[in-house]
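# Chains, contacts and geometry: an overview
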Amino acid sequence: MVTGAQLEVSGLTKRFGGLVAVKDMALRVGAGEILGLIGPNGSGKSTVMKLIMGIERPDAGSVRVNGVEVAGWPSHKIARMGAGIIFQHSRPLHRQTVLENIMLALLPDQLMRLFADPNTEARARVIAARVGLDAVLDRRPATLPFADLRKIEIAKAIARDPKVLLIDEPFAGLTSTETAAFSELICELRDDGRAVLLVDHNVKSVARLVDRVLAMYVGERIAEGTADEVMRNETVRRVYLGGSIETAARPEATFRDSDTPFLAVDNVSVFYGKAQALENVSIHIHAREFVSVVGLNGAGKTTLFNAISGLLPYTGDIRRQGASLRGRTPAAIARHGIVQCPEGRELFTDMTVRENLDLGGQHLSDAERAEQIEWLFDLFPILRDRHKQAAGTLSGGEQQMLTIARALMMKPKLLILDEPTLGLAPVILEQISKTLEKLRKTTAITVLLGEQNVTFALPHADRVYVLEHARIVWEGEPARFAAEAGTGYL
Amino acid sequence: MGGLSTRRVLLIAFGVIVLAAFLPLGVSGYILGLLTIAYYFGVFAMAWDLLFGFAGEVNFGPTFLIGTGAYTAGILDNLYQPPIWLCLIAGALAAVAGGVVLALPALRVRGPYFGLTTLVAVLMLQNFIVVDASLTGGEIGLTVPDVMTISDAKNYEIALWFMAVSGAILFALSRSPVGLILQASGQDTMQAGALGFNVVKHKLAAFIISAFFSGLAGAMLVFYFGSASVGTLVDITVGVQIIIAAVLGGRRTILGAVLGSVFLIVMSELLRPLGDLSNFVVFAMALIVVLVFPNGLLGMLTRTKDNV
């Protein structure tokens, strides 16, 4: 046992089936210290957090909270050892008031406690005042703004008086003033002598708060040090910015329809309840163009694609070749050639590869369908070998290929790919990358790609948009990306 | 705001019970009999709401607990004729034991499987009763030598006060710190665990309490009817009626379940002239209430501005 380290993790490993989500992780957070754990989507950082808290069981390794080995314990026992967590999504009790929600966290885990300790309410009030909820104590959570809901979660965590506090994406969905107030709260918690682990996507969002940063990529630690050191680290830069990338952009003027683009998204805003997911986003895509939208998890990529596909209500306008798509059903939009490969893949896992493809080609005549499938089997030879296998038994990479192939069965004019690289190994990425290259060169298809993996998003793109906190913050050629938008992305 | 309306509901509930206690002075034995059954059903539905509304577990087998309690009490009385109160206690304890045996493995499985497990338990109990006819009376039913009383009015008062006390206990429990933890466990298991609460322990406790009241009410019903049968106490449709009563009355309200039970039983009786159609009409009405007022009858009455 190392003195001073409130949280000490070593050799931590977790497998999900064949996928190694976390491999031999090690980290230490001392009392009164904030460690930032960063990594792109799918890097395993959330899994590390869940393993520490006992929400997932580690396959191997050690987790010490306050010097006590807790690996493999159920989470309520780990919580009692002094670990606490603030989840990204808050789900308070909706029938109870804010005060009652905080009181919940102060209750002991006892069955015979039919009357709360009379001090509980007073203590809850003190905590509420500390996080700035004192004005809304008697309100119900549903009537509160998003930032207040996050404050309830912080209040609950403080109520358990944890020695080790894990915070998942502390600033997601908050405005800059709210972020500042939150940062201050987190610093106060550190100054109380707690060990704080902040989990987020990039260094930038946590740089001002953390004492040290640890960067992860596909389940492994790739760098550790001060925020500056990690930002300068070669491996980190390659993971986030793609190092030196060959780009093959075609200038925008070469696309014939430059006056009326194939798809125009005009001033589109989307709200989820109280959180704004898109703010006045405008993008356009010409016929045959390959456009990448780069953005971290939660930036709004999926929301943008779902708005285009007609799956979400939005303000503003989306036009296909000049005609507004407002009021069209998702099915009509897809039939008219705007086809999305969703992030979750959404394959029919119990059906075979062939059946999945046949379903995608429902509207085609038998001859056309057979021809299309032949073409796709040439594009993805592995799918030909696996055509009788159930989709659920394919590897992640093969499933992604099948998802793309199924979308192509619909003969789309515009193919929307939402994070096709999610959770895939680099070697698979290369295969998919080559397929996209082939598609771009040999077909008239238009592609809109959403990615946080820059290495994957830039090489084929003609134009790149950067989406950050619901807004488009940069637009340009891929070659200029690293120089102009890179630092904001690290 | 919410606290005020709760107090008002409790006051009204108390007033209604006092009024109901004077009913035997003015109404016929027939109506008293109807309400007696409705009150026992109310206990079934309240016990079910503790599991569904608070622990978040859909128990499709309330009649497994009721049936275990009822048949244990009935068989005991048939075999040894001990005092009735002893039979009642034995029935309640048997239901608790059955509930623990069922819940321990069932609470470890996730999602719809808990519900399925409870459903299968009812079918198994039903089968056991039918097959072991020499002990249970089989499909014909079990006749017990004793009843609590033959007076309609006394039976009515027993049912009323039993319901009132059960309701008071279950309601107090739902508003206690334990009830709060239970709700948190039901809504977000992961977070409840991370806050240091042993979710399985709390849900198991809720199941035991639910089983106790279900079994006790089931056993009492046997000594009201003087008999027990699969069709009145164990069948899946009886369980469905209990569930409808609880949802109709208002999920997460405990007291609403009584309202739903009285509504269901009185309506079926009022509509009896319609013959086979009566059940159809009652269920259609229940469906409309649930669709239009998802918070149920009580939720509809106590709706406040900020209650979403």
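Residues numbered from 1 in each chain as written. Chains lettered and ligands numbered in written order. Predicted model: local features only at pLDDT ≥ 70, side-chain atom pairs only at ≥ 80, totals over all residues.

### Some points on the overall build of chain B
Counting its regular elements, chain B contains 15 helices and two strands. Taking 2.2 N^0.38 as the reference for a compact globule, 308 residues should give roughly 19 Å; the C-alpha atoms of chain B span a radius of gyration of 19 Å, in line with that estimate. When its C-alpha atoms are laid out on the principal axes, chain B stretches across 50 × 45 × 35 Å. Across the 308 residues in chain B, those meeting the buried criterion constitute 49%. Relative to all contacts within chain B whose residues are 6 or more apart in sequence, the contacts with residues 24 or more apart total 77%. (Helix = DSSP H or I, 4+ residues; strand = E, 2+ residues; numbered from the N terminus. Rg over C-alpha atoms; globule rule 2.2 N^0.38 Å. Buried ≥ 20, exposed ≤ 12 C-beta atoms within 10 Å, placed from the backbone. Contact = placed C-beta atoms within 7 Å.)

### A word on the interface of chain B and chain A
Chain B puts 23 residues into the contact, and the matching count from chain A is 30 residues. Listed by contribution, the elements that provide at least two residues to the side of chain B that touches chain A are helix H8 (177–187), helix H9 (189–194) and helix H10 (199–225) of chain B. Counting residues per element, the side of chain B that touches chain A draws most heavily on H8 of chain B, which supplies seven residues. Looking at the side of chain B that touches chain A, its residues break down into 11 nonpolar, eight polar and four charged. (Nonpolar A, V, L, I, M, F, W, Y, C, P; charged D, E, K, R; others polar.)

### Looking at the sheet that holds strand E1 (residues 5–16) of chain A
Residue and element names in this part refer to chain A. What the four strands build is an open sheet, ordered E2-E1-E4-E5; its pairing is antiparallel. For this open sheet the edge positions go to strand E2 (19–30) and strand E5 (68–69), each flanked by a neighbour on one side alone. Pairing geometry for E1 and strand E4 (residues 60–65), over five bridges, is antiparallel. Looking across to E4, one finds that threonine 13 is bridged to alanine 60. (Pairing = 2+ DSSP bridges.)

### Details of the nonpolar core
Formed by 238 residues in total, the largest nonpolar core has its most connected members in Ile102, Ala155, Leu198, Ala405 and Ile416 of chain A together with Phe44 of chain B. The residues touching alanine 405 of chain A, leaving out its near neighbours within four places in the chain, are Leu357, Leu376, Phe380 and Leu383 of chain A. (Core = buried A, V, L, I, M, F, W, Y, C linked by C-beta atoms within 7 Å.)

### Observations concerning the confidence of the model for chain B
Looking at chain B, the pLDDT average stands at 89 and 95% of residues meet or exceed 70. Counting contacts from residues 304–308 of chain B, a segment whose pLDDT is below 50, to residues more than four positions away or on other chains yields 10 contacts. (pLDDT = per-residue confidence, 0-100.)

### A closer look at the domain arrangement of chain B
Residue and element names in this part refer to chain B. The domains assigned to chain B are domain 1 (47–226) and domain 2 (235–249 + 256–302). Distance from the C-alpha centre of domain 1 to the C-alpha centre of domain 2: 21 Å. Taken residue by residue, the interface counts 10 residues in domain 1 and nine residues in domain 2. Among the secondary structure elements, those contributing two or more residues to the side of domain 1 that touches domain 2 are helix H2 (29–54), helix H3 (62–80) and helix H7 (152–175). If one sorts the elements of the side of domain 1 that touches domain 2 by residue count, H2 sits on top with three residues. Residues of the side of domain 1 that touches domain 2, tallied by class, amount to six nonpolar, three polar and one charged. (Domains from an automatic or database assignment.)

### A few points about the sheet that holds strand E11 (residues 263–272) of chain A
The strands making up a sheet are joined through hydrogen bonds of the backbone, oriented either antiparallel or parallel. Residue and element names in this part refer to chain A. Read across the open sheet, the four strands follow the order E12-E11-E14-E15; overall the sheet is antiparallel. Of all the strands in the sheet, just strand E12 (275–285) and strand E15 (323–324) have a single pairing partner and so form its edges. Across seven bridges, E11 lies against E12 in antiparallel orientation. By the bridge assignment for E12, valine 265 is matched with isoleucine 283.

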